[in-house]
Amino acid sequence: MTEPTVTVRAMSPEEFDIWRDELAVEYAREHVTAGNWTAEEGLGRARTAVAALLPDGMATAGQLILVGVLADGTPIGRIWISLAHPRGLPDCAFLQDIEVVAERRGQGLGRALLAAGEREARERGARALELNVFGANETAATLYRTSGYRVVTQQMRKDLPA
């Protein structure tokens, strides 16, 4: 099977507003599922976290906030890469978020979108790209492993009995 061709373009302000809201909902869900946050606090904490990372919205410096599109211009997903690593690693960008629209999943578009984002980061001077993936998100972890990513740090948890 031939990998689909995906390019990226800047997100429009309207797309950004929708994406930012959807991102917060998904980020909250992941943290609640992981046991980090309660359902009641999740959305508020997620919105606060996103706002801290994007204080100037889509105009925040050093951010690639992109829409993945097919050759005919059809949007298939979104990717957000911070060109400055959160821990200050030189020449290392950080993948904050990637998502393929639900109805297009399982078609190789995630891998193609990831590759397009990697090209954009490389063109802006990044020599490496890091990311975090929630432990329960095996689909994403598999995508990253099979795209050449390797574990460089690992956080583990065990719930202790009361």
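Before reading on, note that the structure itself is shown above.
Let us look at the structure shown here.

### Considering the overall build of the chain
Part 1 of the argument: When helices and strands are tallied, the chain shows four helices and five strands.
Part 2 of the argument: Along the first, second and third principal axes, the C-alpha set of the chain runs to 55 × 35 × 35 Å.
Part 3 of the argument: For the chain, the residues scored as buried account for 36% of the 162 residues in total.
Part 4 of the argument: Across the chain, contacts joining residues at least 24 apart in sequence account for 58% of those joining residues at least 6 apart.
Part 5 of the argument: Of the roughly 10,100 Å² of accessible surface on the chain, 53% is carried by carbon and sulfur atoms.

### Brief notes about unusual backbone geometry
Part 1 of the argument: Although it is not a glycine, D91 adopts a positive phi angle of roughly 60°.
Part 2 of the argument: As for its position among the elements, D91 is in the loop between β3 (75-82) and β4 (92-100).

### Considering the sheet that holds β4
In a beta sheet, neighbouring strands pair by backbone hydrogen bonds and run either parallel or antiparallel.
Part 1 of the argument: In spatial order, the strands read β1-β2-β3-β4-β5; together these five strands make up an open sheet with mixed pairing. Edge positions in the open sheet fall to β1 (7-10) and β5 (128-131), since each of these has one partner strand only. Across the sheet, the mean angle separating the axes of adjacent strands is 35° when strand polarity is ignored.
Part 2 of the argument: When β1 meets strand β2 (residues 63-69), the two strands line up antiparallel, connected through four bridges. Pairing of A10 across the sheet is with L66, part of β2.
Part 3 of the argument: Most of the contacts of helix α3 (residues 109-123) go to β3, to which it runs at about 40°, and overall it touches β1, β2, β3, β4 and β5.

### Some details on the environment of A51
Part 1 of the argument: In this fold, A51 is placed in helix α2 (residues 39-53).
Part 2 of the argument: Spatially, the C-alpha atom of A51 lies 33 Å from that of L160, the residues being 109 residues apart in sequence.

### Concerning the packing of helix α1 (residues 13-34) against α2
Part 1 of the argument: With their axes 8 Å apart at the nearest point, α1 and α2 run at an angle of 130° to one another. With respect to α2, the element α1 is oriented oblique. Regarding α1 and α2, the two cross each other, and that crossing is right-handed. Across from R20, L23, A24, V25, Y27, A28 and V32 in α1, the residues of α2 making contact are A39, G42, L43, A46, R47, A49 and V50.
Part 2 of the argument: A class-by-class count of the residues in the contact of α1 with α2 yields eleven nonpolar, one polar and two charged.

### Concerning the pairing of β2
Side chains on a regular strand alternate between the two faces of the sheet.
Part 1 of the argument: Most of β2 is tucked away: seven of the seven residues are buried.
Part 2 of the argument: The alternating pattern of β2 places Q63, I65, V67 and V69 and L64, L66 and G68 on opposite faces, both of which are buried.
Part 3 of the argument: Sheet topology places β2 next to β3; seven bridges connect them, and they run antiparallel. In the sheet register, G68 faces β3, and the bridge partner there is G77.

### So, the side chain of E120
Part 1 of the argument: With respect to the helices and strands, the residue E120 is situated in helix α3.
Part 2 of the argument: Other than its neighbours up to four places away in sequence, E120 contacts V8, L64 and L66.

### Overview of the packing of aromatic side chains
Part 1 of the argument: Under the defined criterion, the tally for this structure stands at five aromatic pairs.
Part 2 of the argument: Pairing F16 with W19 gives two aromatic rings, centres 5.6 Å apart and planes at 50°, and the pair type is tilted. Of this pair, F16 and W19 are both found in helix α1, three residues apart, which corresponds to roughly one turn of the helix. Residue F16 shares its accessibility class with W19, and that shared class is buried.

Rules behind the numbers
- Residues numbered from 1 in each chain as written.
- Predicted model: local features only at pLDDT ≥ 70, side-chain atom pairs only at ≥ 80, totals over all residues.
- Heavy atoms only, no water.
- Helix = DSSP H or I, 4+ residues; strand = E, 2+ residues; numbered from the N terminus.
- Buried < 20%, exposed > 50% of the residue type's maximum accessible area, 1.4 Å probe, protein only.
- Contact = heavy atoms within 4.5 Å.
- Areas by Shrake-Rupley, 256 points an atom, 1.4 Å probe, with all protein chains shown as cover.
- Pairing = 2+ DSSP bridges.
- Axes fitted to C-alpha atoms, helices over the stretch in contact; angles between N-to-C directions.
- Parallel < 35°, antiparallel > 145°, perpendicular 65-115°, else oblique.
- Left-handed = near helix turned anticlockwise from the far one by under 90°.
- Nonpolar A, V, L, I, M, F, W, Y, C, P; charged D, E, K, R; others polar.
- Phe/Tyr/Trp six-rings, centres within 6.5 Å; stacked < 30°, edge-to-face > 60°.

Scope: geometric values only; no functional claims are made or implied.
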